[in-house]
Every structure is written in C-alpha cells, then in structure tokens.
Amino acid sequence: MGKRRGLEVSVGAAEAVAMADVDVIAAYPITPQTHIVEHLAELVNNGELDAEFVPVESEHSALSVCIGASAAGARTFTCTSAQGLALMNEIVYIASSMRLPIVMILANRSLSAPLSIWNDHSDAMSVRDTGWIQVFAQNGQEVFDHIFFAYRVGEDPKVSLPVMIHVDGFIVTHVIEPVEFWEKEQVERYLPPFKPISRLDPERPVTMGAFAMPQLFTETKVAQDMATTQSMEVILSAWEEIYKITSRRYRPVEAYRTEGAETIFVVQGSFGETLSVAVDELRAKGEPVGLVMPRLWRPFPFELFRSAVKGAKNLIVIDRAISFGGQGGPLAIELRSSLFGLPAPPRVINFICGLASRDVTVEDFKNIYERAVDGSKAPVFQEDFQFYGVRS
Amino acid sequence: MKTKKPTPYNQLSKEEFFLSGHRACQGCAEALAVRLVQKAAGRDTIVACATGCMEIVSSPFPFTSWNLPWIHVAFENTAAVASGVEAGLKALMRKGKLPQRDIKVIAMAGDGGTSDIGLQALSGALERGHNLTYVCYDNEAYMNTGIQRSSATPFGASTTTSPAGKKVPGQITWKKNMPEIAVAHQIPYVATACPSYPIDLIQKVQKAISKPGPAYIHILSVCPTGWRIPSNLAIKVGRLAVRTGIFPLYEVEDGIYRITQKTSKLLPVKEYLTIQGRFRHLTEELISQIQERVNQEYELLLKKVAMTQGEKKEE
Ligand SMILES: Cc1ncc(C[n+]2csc(CCOP(=O)(O)OP(=O)(O)O)c2C)c(N)n1
Ligand code: SF4
Ligand SMILES: [Mg+2]
C-alpha cells in the first residue's frame, strides 16, 4: 500500500483523479466543490498531471465538454454541487443515455432557495433518475478509493455508463483526514486504460446522439435500464478487487451491529459515522438497535437491502431531502416501496433532518430513537414522517 | 502564419460526407451549405451538431446521412461539445494514446442555437481559444420547431411568434449581428458566406480550418419553407441577399476586414423582400426603413474595411 497522508478530502480526491490518469477535466466553480478542481488545476499547471483542464463558462458546458471528450475516447472528470448540478441537469440525462463513462463528484449541497451553500442531499435526490451509477462515500478514504472504482466500473464495456460519487459538502469535502494512497502500479493494475467501444474517429465514422422515433425510443431506454441493472456484477467485482488491494471491504449495503436488532437506522452519507457512535451507546444500554447504510444508490440493491433489514421490527429512515407533498423523504419512499408485499415487513419511521448542514449529533440520534420507539419497543410514531430539530 | 492555398471548386474531392437521403425540404439551401462545408473540410473531420433542422433531417436512428464521425448532444451546447472533442484529441495525442493526426473539429448550429440559446457556450469556446471552426447556419428563425422568431430574424419578417398582425407588422427588432460578436472575441478568423456563392464559401471554410485557434463562419441559408418562397428560388434569393447588401459577404482575418463579393452598386432591398412570403405584408414605408438601415450598415462595413486595411485600402 502507498503512504498514509493527512490531507483535505478534496485534495485527496483530486490526487486520486490525477492518479487515474484523467485526460480532460472540465468544471465550473461552486462551493463546496471548489477545492477539488482548484487542486486539479494546480497539478496541471505545475506539470504534475498531463491533462487538458477546460475552465468552462458554466456547468452545462462542463458536462458537455466531458461528453465531447469522452466521445473522442478521453477519460474525463467533472465535479459540481447543487445549483451547478441543476444547471447541467439536461446534460446529466444525456451523458448516461449516450453511455459515456464520465466520472463526477457531487459535493452534496442544498438546492436554493433560500440560497444555502451548506450540506444536505437535495441535490443528490434531484438526479436519482438520471441513469448514472451512484455511490455514497462517507469519508476521505472512501472518496479516494471510489475514484478508481468509478472509472473501472463505468468504463467496463459491459456497463459503459457515467458514475457519480456523492460526498457530503464541507462535512466531508473540507475536513483533513488521513488517507492511505495507492501505489502507482496498484492503480495501473486495477484500472486498465479506457478502451471505448466506439469513438469519434475519421477512420471509422460513427453517428452518436441520433434521434429515435417512437418505434425505437422505448427499446433504447430498456437497453439502458438493463445495462444499469446488470452493472451490479461489475460493481461487486470492482469492490472485491479493492478489498484484495487495500483490505477495505465495500458493500452495496453496509450493515453495522444489525445482529438481533429490532430497530435499524437507515442513512446515507456521512451521518453513518455519527450514527454508529449512537448505536454503540444505545447497544451499551441494552437497546437492540443497528445501522444500515445503502452505499450503492443506483442501481439500488433491493435484495441485499431486504436481507440486511430482515427480522427488524422498525426501520428509522433518516432523509436529508424533502419530497414536497410526498410521503416522506426520497430515501424512505424508496425503501418503503421496496418492502411492500413482504410477509412481515418492518415499519418504516421516517425523519427528515440535517438540512443545510444543521447539526445532528449523537444525542439527536438517541432522541430520534426514543421518539420512534418507546420503552416497551412499540412504535409510538403515527405519521408517515416527521421533521426533526425544527425551531419553534 | 501559413495558410493552405484555397482549392478551386472543380478540384474538390468527389467524396461526399453529407449524403443524400436526408430529409431536408426540397430546395433547402441549409442542407446544400452543410454539404459544401464538409466537402471543403474533407475526410479528417469530426462534426458536433446542435439540435435543429440539420440534426433532425440527417440522423433518424438507425439511418444517418453522415459519412463522418458526428455527434449531437443538445440544442445550446454544441460549442462546448466541440471544445471537449478538441480537448480530448489534444490530450490523447499529446499523451501518445492516439497517433498524431491533423483532425479538424467543426461545430454546427442554427441561428437559434447560435445567437440565442447557444451564445454563452459559443462565447466560452471562442474565448478559450480551442482549435475548432464554428459554423452557424442562419435561416433566420427556429425552423425545426415551426418558424418561430429568433434574434437573427430580420426586421419585418413574419414568423409564427412574430406574426404580421393588424397592429404589429411581424418582427420589430433588428437582426442581431452575430459575426460582429464573434469578431469581438478577437479570434483569428470570422467570415460570412452563402451557398449561392459556393467558391467563396469553400475558400472560407478552408481558410477557417487551416488557421490554428477558433474560427467562426456565419452562413446565410435560405429556407424555402420558412421564408415562403418556391423551392427553386433558394439560390436566387441568396444572391439577392448579397447583392442588395442585406447580407454582405466578407471576412475578418486577424482583425482585418475584407469584402469578398464586391458589388459596384447595391440593388434595392425591395427586389429581395417582395419575392418572399414572409415580407409580403410590408408597406412602402417599412421597406424604406429597411433600405435606410441596410445602407447605414453597409457604409459601416466599408468603413471597417478601410480602417483595418490601412495602406492596403481597397477602392
Ligand atoms: C433546451 C431546448 N429548448 C428548446 C428546444 C426545442 N428546439 C429544438 S430545435 C429548435 C429550433 C432550432 O432553431 P435553429 O437553431 O435556428 O435551427 P434550424 O432548425 O432553424 O436550422 C428548438 C427551439 C430544445 N431542443 N432544447
Ligand atoms: S425547414 Fe427550412 S432549413 Fe429546415 S429543412 Fe426545410 S428548408 Fe431546410
Ligand atoms: Mg434557424
């Protein structure tokens, strides 16, 4: 293994992108994504990374540049947050439909209005259905490892899809953590050069981005959905290889102390680390509680999720985004429907909290637990969802 | 700086890159312009195309009219897509992942895709200095969606969103001067062209692609359907646009203006306007307003020529 280095997570992410031998980077500044691209620009301008850094005039163009470069056969990277993602939304769909393995870090931030630079998952949830493979990374090491993972999975000819890595803005992007680097040879062995199935080449002209009449549109979309679902096999083997190299085990659904748990918290992103402390403390008091974290968001690992929560009576799902007028947060809605029809499904108790970086502490998670489940372990919670921590 | 010697029309390759069988309307001069541009640019070319008539008529999956590597992504971002293609090739060749080869990148979009919704991406690409040629096919409206006005629609034209009404006589704004906007980016080459003058057009494309850095070509592309003219008049109407001074053919090479199709005396604009259905409703008064504006703009162009040519001043 390479050296352990204490550095800002954003800097570590950029170093990983550079080690992945990226060819074209296109990005537009937005907090809290900026440190990642600033560091990449620095590496390029210092001659430490041989790549084209295209300082575009918008996020819409950032992803468009990546599409053009990827279609020409280049390995590409972009990175954005909230408003930037919303501005590039049109192209987010097209990138996956054109089956181009672009890699993007989304430094998660709340969507305006009111304008907020702080962290939640409202931007992440806005692109749920865009056809990108999506994973949540909880800390600097996970972000670093998942850069190589993202290129390896996306560029696999069986997959050929873009990959988005969700990283909590500030809470993860801006902290200084020890990150274990990979050796250059390890990266090279893990990540073969990008060999596109077809590329823009005057020797072999291809037409990319043709339009489809209704007779063919559905078939195109079904093929895309199949590719997304079937990417699971490639994803699992890419994580298995990371384990062999680093001894770090990544799974589509991470579980913590779920043995015999009657109540299981479900959360995505950096809240997992805080929650694991709350789970330890509750367990110490004899509470049968555990934690499940769906790391893989798309394709969603339904079967693995169901078996991870099997036997639990209650699921406390923590959402960091709102589906206005809907039945709770987007994560809870998804999970509730994935459990529907099971013989004895757990009850889904949904809290929405932690919007725009509002702090949710170990104590808060213990309060949430109490509010959801009373002393006799029966759910006391009647509504579909509650907001937690709202000032009166 | 070295530029390739222009190739006369009869020495052009016999090979076609924009193939027949596309679904453009009869007499479409935009399709003709595309064919000429690609013939002039040759085999080693990659094309990025915006949504619009030319994209729709040429790429109904599983068919294609493109005998070239071609990519369409969206309506407003073709300059960014082409920037990406250029940056990608540059990086791959520099890093030895692709063999060195002189591949031309051409971006193409309509007047709407250029002067309205795509202006920001275009400005970014020109400012960053990518080595590409951007071609605007100007048929003076959003034709693909049914003849809606754009900022390139000329004063007085009736379109579906600037209809000639009892109160408002069609488009009441003056055509946005897109070539001047390109010139303001101080790029090496800007030109106007029209397929009614094929040799002029071909020479400009060859000049544009042979110059390092960005180039912009604005092609007036007569659209019989949207302009409401018989399909056999497209070439004639294009000629009249040039000979009345409504669409002068010129180039700006490293900041120096040159008129490439000189007319000793401009024809009256009336000759151009009255043969088109979209101007049918114009009164004498409106026609003379247009005449006055054309005279002024042409004068201004001559001044720019004189000013930038210095001693090489043309008579
Ligand atoms: C973001 C977006 N807005 C609107 C459209 C609808 N649209 C497609 S083509 C087009 C008009 C194209 O006009 P122009 O660029 O002048 O090209 P033409 O068809 O006239 O050649 C419009 C409005 C779209 N595809 N994307
Ligand atoms: S509408 Fe006009 S520009 Fe479009 S294909 Fe027909 S003639 Fe050509
Ligand atoms: Mg048009």
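The structure displayed is predicted, hence computed values, not measured ones.

**Digging into the nonpolar core**
Grouped together as the largest cluster of nonpolar side chains are 70 residues, with contacts concentrated most on A:Leu63, A:Ile67, B:Ile71, B:Val73, B:Leu89, B:Tyr134 and B:Tyr216. Counting residues per element, this core draws most heavily on helix 3 (residues 78-94) of chain B, at ten residues. Apart from the residues within four sequence positions on either side, B:Val73 is in contact with A:Ile67, A:Ile91, A:Ile94, A:Met98, B:Cys49 and B:Val81. Counting 56 residues, the second-largest nonpolar core is a separate cluster that includes A:Val37, A:Leu40, A:Leu161 and A:Tyr250.

**As for the layout of surface pockets**
Of the voids in this model, the largest pocket is the one considered here, and its volume is about 1100 Å³. If you list the elements that add at least two residues to the lining of the largest pocket, you get helix 3 (59-71), helix 5 (89-97), strand 9 (207-208) and helix 9 (214-246) of chain A together with helix 2 (53-58) of chain B. The greatest single-element share of the lining of the largest pocket, amounting to five residues, is contributed by helix 9 of chain A. Of the residues belonging to the lining of the largest pocket, the class tally is 22 nonpolar, eleven polar and five charged.

**A look at the pattern of salt bridges**
Counted under the stated rule, the structure contains 46 salt bridges over all chains. A:Glu180 is the partner of A:Arg248 in a salt bridge, and the nearest nitrogen-oxygen pair spans 2.9 Å. Of this pair, A:Arg248 sits in the loop between helix 9 and strand 10 (253-256) while A:Glu180 sits in strand 8 (residues 176-180), placing them 68 residues apart in sequence. When the shortest N-O distance is used, the salt bridge between B:Glu284 and B:Lys270 registers 2.9 Å. One end of the pair, B:Glu284, is in helix 11 (residues 284-309); the other, B:Lys270, is in helix 10 (residues 269-273), with 14 residues separating them in the sequence. Residue classification places B:Lys270 among the partly exposed positions, given a relative accessible area of 35%.

**Remarks on helix 3 of chain B**
Taking 1.5 Å per residue as the helical rise, helix 3 of chain B with its 17 residues ought to reach 24 Å, and the 24 Å between its terminal C-alpha atoms agrees with that figure. Looking one or two places after helix 3 of chain B, you find B:Gly96, whose phi comes out positive at around 75 degrees.

**Considerations on the packing of helix 3 of chain A against helix 3 of chain B**
When two helices pack together, their arrangement is given by the angle between the helix axes and by the axis-to-axis distance. Relative to each other, helix 3 of chain A and helix 3 of chain B sit at 45 degrees, their axes nearing to 6 Å. It follows that helix 3 of chain A is oblique to helix 3 of chain B by the angle criterion. Taken as a pair, helix 3 of chain A and helix 3 of chain B cross one another with a handedness that is right-handed. In this structure, helix 3 of chain A uses A:Ser61, A:Ser64, A:Val65, A:Gly68 and A:Ala69 to contact helix 3 of chain B, whose residues at the interface are B:Ala80, B:Val81, B:Ser83, B:Gly84, B:Val85 and B:Gly88. Residue classes in the contact of helix 3 of chain A with helix 3 of chain B are distributed as five nonpolar, six polar and no charged.

**Some remarks on helix 10 (residues 271-284) of chain A**
Residue and element names in this part refer to chain A. An ideal rise of 1.5 Å per residue puts 20 Å on 14 residues; helix 10 measures up with 20 Å between its terminal C-alpha atoms. By the burial criterion, the buried members of helix 10 are Phe 271, Gly 272, Leu 275, Ser 276, Ala 278, Val 279, Leu 282 and Arg 283. The arc that holds the buried residues of helix 10, viewed along the axis, is 165 degrees, so those residues lie on one side. Those residues of helix 10 hidden inside the fold are in contact with strand 7 (163-168), strand 10, strand 11 (263-266), strand 12 (289-294), strand 14 (314-319) and helix 13 (362-372). Just downstream of helix 10, Gly 286 is the residue with a positive phi angle, here 90 degrees.

Each value, and the rule that gives it
- Residues numbered from 1 in each chain as written.
- Chains lettered and ligands numbered in written order.
- Predicted model: local features only at pLDDT ≥ 70, side-chain atom pairs only at ≥ 80, totals over all residues.
- Heavy atoms only, no water.
- Core = buried A, V, L, I, M, F, W, Y, C linked by side-chain atoms within 4.5 Å.
- Buried < 20%, exposed > 50% of the residue type's maximum accessible area, 1.4 Å probe, protein only.
- Helix = DSSP H or I, 4+ residues; strand = E, 2+ residues; numbered from the N terminus.
- Contact = heavy atoms within 4.5 Å.
- 1 Å grid on protein atoms, 1.4 Å probe; cavity = no way out; pocket = protein on both sides within 12 Å on 5 of 7 lines; lining within 4 Å.
- Points joined across faces, edges and corners; volume = space filled by probe spheres on them.
- Nonpolar A, V, L, I, M, F, W, Y, C, P; charged D, E, K, R; others polar.
- Salt bridge = Lys/Arg side-chain N within 4 Å of Asp/Glu carboxyl O.
- Expected span 1.5 Å × (residues − 1).
- Axes fitted to C-alpha atoms, helices over the stretch in contact; angles between N-to-C directions.
- Parallel < 35°, antiparallel > 145°, perpendicular 65-115°, else oblique.
- Left-handed = near helix turned anticlockwise from the far one by under 90°.
- Arc of directions from axis to C-beta.

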